[in-house]
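So you can see what is in the structure, the chains are spelled out below.
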Amino acid sequence: MAKIYYAGDWAVQLGPVYAESAFHHSVKGTEIFNYGKWLKEAIESTGEHEVTSVPSWDFYMLKPGEYETILATYDAVIFSDLEARNFQLAPSFFKREQFGKSILTFPDRIRLTIEAVQAGVGVMFLGGWQSFSGDHGMGGWGRCRLRELLPVTCLDYEDLVESTEGYMAEVLDPQHPILHGIDFSSLPPILGYNQVKPKPGGQIVAQWKGSSDPLLAVSTIGKGRSVAYTSDPAPHWGCNFVFWEHYNRFWLNVIEWLIQAR
């Protein structure tokens, strides 16, 4: 059984907010959403794989040594709607009471990820407002060493491409194992994606129809493999996608291709 660590695609909703007077505003209601439940259930649908799905804040709060254990015990890692800052910053950097008492440094999670993939761990990068370059550049994947793992090149500016009419897929490599048994012509409209560029050494399996923008790209990095799907595996961009008849099979194919090197 393959073990997959999936960071991102959770949200906390605070509200609605009511202004009841000039001096009083109140939040009525708090809800936690796991938008990653569709991807988790798809990968676990055959009983052959196990997915640990965690919010970005749990990933961020990992203590030194905990991420190393994850990389040593999981076969693949998934990052979705997870800004680069979650890798680059540590909670103790904001605890003023520790300033001046010791030198504050922590293991570099990006370096650890690169080394793990080179050693054979699979890595999957998925789209969203906080992925790739992202909304107002907040994703930041291209401005740090995560770019070494990406099979595509990030833009240097906001990369969101969105339409209420949606976008369709154009397959470039129909023989790729990830597309085995899948009719991509039946892909429902996808309401947005992150615009990226092809990268030397990366293979574009599919692109967004009517453009040269990669939809699905793969690469081999050392003994490991990398996959980029440039849209959201969940609502809102994927509100039609998650109900596609091939949704489970697609993600199972991705995982199985990722871990073949293990």
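In the block above lies the structure referred to throughout.
So, here's what we can say about the structure. All chains use their own residue numbering, which begins from 1 and follows the written sequence. Residues qualify for local features only when their pLDDT is at least 70, as the model is predicted, and side-chain atom pairs are given and counted only at 80 or more; totals for whole chains, interfaces and linings, by contrast, use all residues. Computation of side-chain values: all heavy atoms of the structure, hydrogens and water removed.

1. Points about the packing of aromatic side chains
Phase 1 of the analysis: Two rings from Phe, Tyr or Trp (for Trp, the six-membered ring) form a pair when their centres are within 6.5 Å of each other. A pair whose planes differ by under 30 degrees is stacked, one over 60 is edge-to-face, and the rest are tilted. For the coordinates displayed, the defined rule picks out 22 aromatic pairs.
Phase 2 of the analysis: Between Tyr-193 and Trp-208, the ring centres sit 4.7 Å apart and the planes meet at 15°, which makes this aromatic pair stacked. Taken together, the residues span a long stretch of sequence, with Tyr-193 in strand β12 (residues 190-194) and Trp-208 in strand β14 (residues 203-208) at a distance of 15 residues.
Phase 3 of the analysis: Burial classes: relative accessible area under 20% of the type maximum marks a residue as buried, over 50% as exposed, and values in between as partly exposed (1.4 Å probe, protein chains only). Note on Tyr-193: relative accessible area 4%, which makes it buried.
Phase 4 of the analysis: Among the residues examined, Trp-208 registers a relative accessible area of 0% and is labelled buried.
Phase 5 of the analysis: An aromatic cluster is present here, built from Phe-59, Tyr-67, Phe-79, Phe-87, Phe-125, Phe-132 and Trp-141 joined pairwise through their rings.
Phase 6 of the analysis: Over a ring means this: the NZ of a Lys or the CZ of an Arg is within 6 Å of the ring centre and within 35 degrees of the ring normal. The cationic tip of Lys-3 hangs over the ring face of Tyr-74; the distance from NZ or CZ to the ring centre is 4.5 Å.
Phase 7 of the analysis: One cation-aromatic arrangement involves Arg-109 over Phe-59; the distance from NZ or CZ to the ring centre is 5.2 Å. Numbering of helices and strands runs from the N terminus; a helix is a DSSP stretch of H or I covering at least four residues, while a strand is a stretch of E covering at least two.

2. Here's the deal with helix α5 (residues 109-118)
Phase 1 of the analysis: Most of α5 is tucked away: seven of the ten residues are buried.
Phase 2 of the analysis: Of the residues making up α5, those classed as buried are Arg-109, Ile-110, Leu-112, Thr-113, Ile-114, Ala-116 and Val-117.
Phase 3 of the analysis: Capping the start of α5 is the job of one residue whose side-chain oxygen sits 2.9 Å from the backbone nitrogen of Ile-110: Asp-108.
Phase 4 of the analysis: Gly-120 sits one or two residues past α5 and shows a positive phi near 130°. The term polar contact refers here to a pair of N or O atoms within 3.5 Å; inside protein, the definition further demands a hydrogen-donor-capable atom paired with an acceptor-capable atom, and it admits residues adjacent in sequence only when both atoms are side-chain atoms.

3. Some details on the pattern of salt bridges
Phase 1 of the analysis: By definition, a salt bridge exists where a carboxyl oxygen of Asp or Glu is found within 4 Å of a side-chain nitrogen of Lys or Arg. What the rule picks out here adds up to four salt bridges.
Phase 2 of the analysis: Two residues, Glu-44 and Lys-40, come together in a salt bridge whose shortest N-O distance is 3.1 Å.
Phase 3 of the analysis: Between Arg-249 and Glu-256 there is a salt bridge; the shortest N-O distance is 3.4 Å.
Phase 4 of the analysis: Using a relative accessible area of 32% as the deciding quantity, one classes Arg-249 as partly exposed.

4. Focus on the side chain of Ser-80
Phase 1 of the analysis: Its location among the elements puts Ser-80 in strand β7 (residues 76-80).
Phase 2 of the analysis: Of the residues examined, Ser-80 reaches a relative accessible area of 0% and is grouped as buried.
Phase 3 of the analysis: Looking at Ser-80, its side chain comes within polar contact range of the side chain of Asp-9, at 2.8 Å.
Phase 4 of the analysis: Here a residue-residue contact requires only that any non-hydrogen atoms of the pair lie within 4.5 Å. Dropping the residues within four chain positions of it, Ser-80 is found in contact with Tyr-6, Ala-7, Gly-8, Asp-9, Leu-126, Gly-127, Ser-131 and Pro-233.

5. Observations regarding the environment of Ile-221
Phase 1 of the analysis: Inspection of the secondary structure puts Ile-221 in strand β15 (residues 214-221).
Phase 2 of the analysis: A residue is classified by how much of its surface remains accessible, and Ile-221, at 13% relative accessible area, is buried.
Phase 3 of the analysis: A sequence separation of 19 residues divides Ile-221 from Gly-202, and the C-alpha atoms of the two residues are 9.9 Å apart.
Phase 4 of the analysis: Contacts of Ile-221, omitting those with residues within four sequence positions, involve Val-117, Gln-118, Glu-148, Leu-149 and Ser-226.

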